[in-house]
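Descriptive analysis of the structure
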Amino acid sequence: MFSRQVLRSARAAAPQRAITLRAAPVRSFAAAANEGQPPVTVFGVDGTYASALYTAASKTSTLEPTAKALANLSNIFEKDAKLATILSAPTLSAEDKSAIVAELVKQSGSKEATVKNFLDTLAENNRLGLLKGVCDKFNEIMSASRGEVEMTITSAQPLDNKTLSRLETAVAKSSYVGQGKKLKVTNTVNPDIVGGLVVEVGDRTIDLSVSARIAKMNKLLTDSL
């Protein structure tokens, strides 16, 4: 698992001389938030870092490579539940953080200085534990910049591509999606809905699940007694 690689890298770095992270990335990322605004506002400390990263990547014309790198890092979190705990550990030394950043850069597949500087900044500010949140918020900003509208379809069982395509086509023609916008479809499985679908488009929700119908029926029965 990747978390084991991170631990091995941190342990291997322990005997080495402490590496002082550069202060320049911290200043540049802080300034970036004021010099350019992303197309959508995201909140929280992780949102602040994501917004600053978007601005920095935009200025260096590396938005797409940066987005790909953060998507790769986000995928690692999905596969390794222990990683977030390791990155949030308060006992990480400067050597540990330097080794972890090097491993994260490697796993991201990025050759851009923007990503390395960003990870250095998180490490120096003791914010590596925010990395997953930053990845999610950055993806949200990128979706907005591409004119994408998030559509999450929750079903009791995985939907096949044909069904997803039909749903995407139907929703794309509706008033739920603005002109010139593109749908970004995700299928989430939740057996608790029993059957049917729950469709979320942007900030709107269409609940067509069996569980919702049962809840309404129960309410009607309760109110009538």
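For the structure, see preceding data.
What you see as residue numbers is a count from 1 along each chain, following the sequence as written. Confidence filtering applies because this is a predicted model: local features only for residues at pLDDT of at least 70, side-chain atom pairs given and counted only at 80 or more, and all residues used for totals across whole chains, interfaces and linings. Neither water nor hydrogens contribute to the side-chain values; these are computed over all heavy atoms in the structure.

Our next topic: the overall build of the protein. In terms of helices and strands, the protein carries ten helices and four strands. Numbering of helices and strands starts at the N terminus; helices are DSSP runs of H or I of at least 4 residues and strands are runs of E of at least 2. Start at the N end of the protein and walk to the C end: the helices and strands fall as α-α-α-α-α-α-α-α-β-α-β-β-β-α. Only protein chains enter the accessibility calculation, which uses a 1.4 Å probe; a residue is then buried when its area is under 20% of its type maximum, exposed when over 50%, and partly exposed in between. Taking all 225 residues of the protein together, the buried fraction comes to 39%. Of the contacts formed within the protein by residues at least 6 apart in sequence, a portion of 73% connects residues at least 24 apart. The criterion used for residue contact is that any of the two residues' heavy atoms lie within 4.5 Å.

With that settled, the discussion passes to the environment of Phe-118. Considering the arrangement of structural elements, one finds Phe-118 in helix H7 (residues 113–124). Through-space distance from the C-alpha of Phe-118 to that of Leu-53 is 6.9 Å; in sequence the pair is 65 residues apart.

Turning next to the pairing of strand E2 (residues 182–189). Of the strand pairs in this sheet, strand E1 (residues 148–155) and E2 are connected by eight bridges, and their pairing is parallel. Looking at the pairing, Met-151 lines up with Val-185 of E2. Call a crossover right-handed when, viewed with both strands pointing away from you, the route from the first strand across the helix to the second goes clockwise. With helix H9 (residues 161–172) bridging E1 and the parallel E2, this β-α-β connection has right-handed handedness. Following DSSP output, two strands are said to pair if at least two bridges run between them.

This part is about the sheet that holds E2. Pairing is mixed in the open sheet, where four strands are placed in the order E2-E1-E3-E4. Edge strands, defined here as strands with exactly one partner in the open sheet, are E2 and strand E4 (204–209). Geometrically, the sheet is characterised by an average inter-axis angle of 15° between neighbouring strands, direction not taken into account. Every angle, taken between N-to-C directions, lies between 0 and 180 degrees, and every axis is a line fitted to C-alpha atoms, over only the stretch in contact when it is a helix. Running over the sheet, helix H10 (residues 210–224) touches strand E3 (196–201) and E4 and is turned about 80° from E4.

Further remarks concern unusual backbone geometry. The backbone phi angle of Asn-126 is positive, close to 55°, even though this residue is not glycine. For Val-194, which is not a glycine, the phi torsion comes out positive at approximately 70°. As for its position among the elements, Val-194 is in the loop between E2 and E3.

Turning our eyes to something else, we now look at the packing of helix H4 (residues 63–79) against helix H6 (residues 94–108). Where H4 contacts H6, the two axes come as close as 8 Å, and the packing angle between them is 110°. On the basis of their axis angle, the class for H4 and H6 is roughly perpendicular. Touching Ala-69, Asn-72, Leu-73 and Ile-76 of H4 are Leu-104, Gln-107 and Ser-108, all from H6. For the contact of H4 with H6, a count of residues per class yields four nonpolar, three polar and no charged. Any angle between 65 and 115 degrees counts as roughly perpendicular, while under 35 counts as roughly parallel, over 145 as roughly antiparallel, and the rest as oblique. In the scheme used here, Gly and all other residues not listed as nonpolar or charged are polar, with Ala, Val, Leu, Ile, Met, Phe, Trp, Tyr, Cys and Pro taken as nonpolar and Asp, Glu, Lys and Arg as charged.

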